[in-house]
Amino acid sequence: MTVLETLPIRKLAAMVRSRKISAVEVTSYFLNRIMAFDDAICGFNVPAPETAMEAARDLDKQLAAGGEAGALAGIPLSIKDIADVAGLPSAGASASRAGRMASTDATVVARMKIAGGIALGKANCHELAFGGPSFDLPYPPARNPWNRDRFPGGSSSGSGVTVAAGLCLGSLATDTAGSIRLPATMCGVFGLKPGRDTLPLDGIAILAATMDHVGPVARTADDTRILFDVMAGRSPGPPCSGSLHGLRIGVPSDDWGVGPLMHPDVQTGLEGAIDVARSEGAEIVPLELPSLDDFHAPATILMMAEIAAEHAASVRAAWDKFGAIFRARALVGEGITAEDYRLAERLRPVLTRRLFDAISSVDCLLVAGALAPPGPLASVDSFYFMKEPIPNIVANYTGFPALAFPAGVSSEGMPIGVQIMGVPGSEHRLLDIAENYERADPSRFAAGTPPDFGNAASLAFPTGSAPMERWNHVKPE
Amino acid sequence: MNDGDKIEPQLRAVSKVRLPDGASEIEIAEFARGLAILDDVALRARRVAERQIQDEIGHDCA
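Residues numbered from 1 in each chain as written. Chains lettered and ligands numbered in written order. Predicted model: local features only at pLDDT ≥ 70, side-chain atom pairs only at ≥ 80, totals over all residues. Heavy atoms only, no water.

Student: Just to check I follow, could you spell out the environment of F31 of chain B for this structure?
Tutor: One can find F31 of chain B in helix α2 (residues 25-61). We classify F31 of chain B as buried; its relative accessible area is 1%. With 18 residues separating them along the chain, F31 of chain B and A13 of chain B place their C-alpha atoms 11 Å apart. Setting aside chain neighbours within four positions, we find F31 of chain B in contact with A328, L331 and V332 of chain A together with S15, R18 and L19 of chain B. (Helix = DSSP H or I, 4+ residues; strand = E, 2+ residues; numbered from the N terminus. Buried < 20%, exposed > 50% of the residue type's maximum accessible area, 1.4 Å probe, protein only. Contact = heavy atoms within 4.5 Å.)

The structure is reproduced here in structure tokens:
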């Protein structure tokens, strides 16, 4: 059978619509891959084989009767466990919400289904999109398919690993301080955090009310574009046909002050992205920006205060139902004073305007996707995101769109990524730029396939274990 | 004794008050570490505000 996990969404959906392959065949193919591989990476914590097969059968019947299907016809998806999918558990990987079933779809999920997308299940994540990677939750933490002892990024860890391992072609993820872009970077795929208020958040658990965003993770820039457009409720536009030639790509004039914190392999990846752009005819424009700490400090205060407001009472009421990392992170923000919160809030439009002024003369701002390659899963610092300024949170504080994409591998073979930020409304421009990078040098800027996640048909169960207990009752067709 | 050594017992005391009885000693120590980091972040945010306040939000904050 044709390898499906590396097919572009546009092509596979067209094959389903034209009935060259059935949605049931596609769904069954990916369920088989999940059975073969997911035990190794814990990407799904709530598989939904029955509802997925039912949706696939319905789609095939609809097409057989002469009906039409949308841009995601038959496309297999994972949905982060904090977003509601009707009829499925929606616990956010937390024992505190065990047994909670969603009765309706989040709006973005509904739009993906209407377009023909097939939800294969709920993707693993850090507890309520914040507490992790944790080993004391109902589900073990997701593991990086490029090295299962390494951190896959978070909090949308399951979204990153299910797409990177080819267990689905797209995922719905969320991002409050980098939670779409970090797993995309660390798993070597694409992740778009759209601008604030671009996509609806109803049906998605709140983490920090004014910092939360929802967006797609996918294998290619065009796949990401299609998912984003569908999530926005519109028909996807055509793929990009341009190039990097003539673009103005901004870079912080002094590495945004994070040069000493940046791993040499990340520095190499970033410089590679600059060199390719220049060689393709783009202009690299050094930009004087407010310091990264100017954004990071107030953004962190705002986020931690909002998280405490949202979750601290629940943690106190059901202490044993939360993981230790979530408990610590959720409560620590209670100590933030009203004065500090208000300052962080007042600084927000000021710094947003300054960033807008600085980057409005360029097509995008290019920075690292993460400052270091993925480290050991078991030794991630609970407060890493507060200790040192990281670029990701800038896009949540300002509400500007940002897109992470691959930029090579580290000396240890782990994915390295970059991210590009733009002014509000520039999502498609960012996607075009990433697609141009992908085309300019696929060996560095396109998603690869992790070595142990090839053809499921030829590998009975590569982890050496029996298929997941939770899948035993289901036999894909 | 440096400043950090003086502050740590204070943060541990604060942590014991803030956390419920079920919190372990390890968790109290980790929480105290988080408080120390967040205190530093708050200080940095105040410095940012001081720098910005002159020309951007001075009147608004007066």
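Student: Would you explain the interface of chain B and chain A in this entry?
Tutor: Many descriptions give the size of an interface as the accessible area lost when the pieces come together. Each partner contributes to the interface: chain B provides 27 residues, whereas chain A provides 33 residues. Here chain B packs against chain A, burying approximately 2,600 Å² in sum over the two surfaces, 61% of which is carbon and sulfur. The tally of links between chain B and chain A comes to five salt bridges. Here chain B and chain A share nine residue pairs in polar contact (both at pLDDT 80 or more) between them. Considering each element in turn, the side of chain B that touches chain A owes the most residues, 22 residues, to α2 of chain B. (Buried area = accessible area lost by both parts, 1.4 Å probe. Salt bridge = Lys/Arg side-chain N within 4 Å of Asp/Glu carboxyl O. Polar contact = N/O pair within 3.5 Å; in protein donor to acceptor, adjacent residues only side chain to side chain.)

Student: Got a minute to help me understand empty space enclosed by the protein in this structure?
Tutor: Left-over empty space is what a probe sized like a water molecule reveals as it rolls over the atoms. All names here are of chain A. Inspection of the entire model under this criterion finds three cavities of 30 Å³ or more. In this model, the largest cavity occupies a volume close to 170 Å³. Surrounding the largest cavity, 17 residues form its lining, F130, A177, S179, Y384 and F385 being those nearest its centre. Among the residues making up the lining of the largest cavity, the classes are represented as nine nonpolar, seven polar and one charged. Counted as a void, the second largest cavity has a volume near 60 Å³. Lining the second largest cavity we find 15 residues, and of these C125, H126, P133, P141 and A142 sit closest to its centre. Of the residues contributing to the lining of the second largest cavity, the split by class is nine nonpolar, six polar and no charged. (1 Å grid on protein atoms, 1.4 Å probe; cavity = no way out; pocket = protein on both sides within 12 Å on 5 of 7 lines; lining within 4 Å. Points joined across faces, edges and corners; volume = space filled by probe spheres on them. Nonpolar A, V, L, I, M, F, W, Y, C, P; charged D, E, K, R; others polar.)

Student: Mind showing me how you'd approach the packing of helix α7 (residues 221-231) of chain A against helix α14 (residues 427-440) of chain A here?
Tutor: All names here are of chain A. Packing of α7 against α14 brings their axes to within 8 Å, and their N-to-C directions diverge by 160°. On the basis of the axis angle, α7 is roughly antiparallel to α14. When you trace α7 past α14, the crossing you get is left-handed. On the side of α7, the interface is formed by A221, D222, T224, R225, F228 and D229, while α14 contributes E427, H428, L431, D432, A434, E435 and E438. Of the residues assigned to the contact of α7 with α14, the class counts are four nonpolar, two polar and seven charged. (Axes fitted to C-alpha atoms, helices over the stretch in contact; angles between N-to-C directions. Parallel < 35°, antiparallel > 145°, perpendicular 65-115°, else oblique. Left-handed = near helix turned anticlockwise from the far one by under 90°.)

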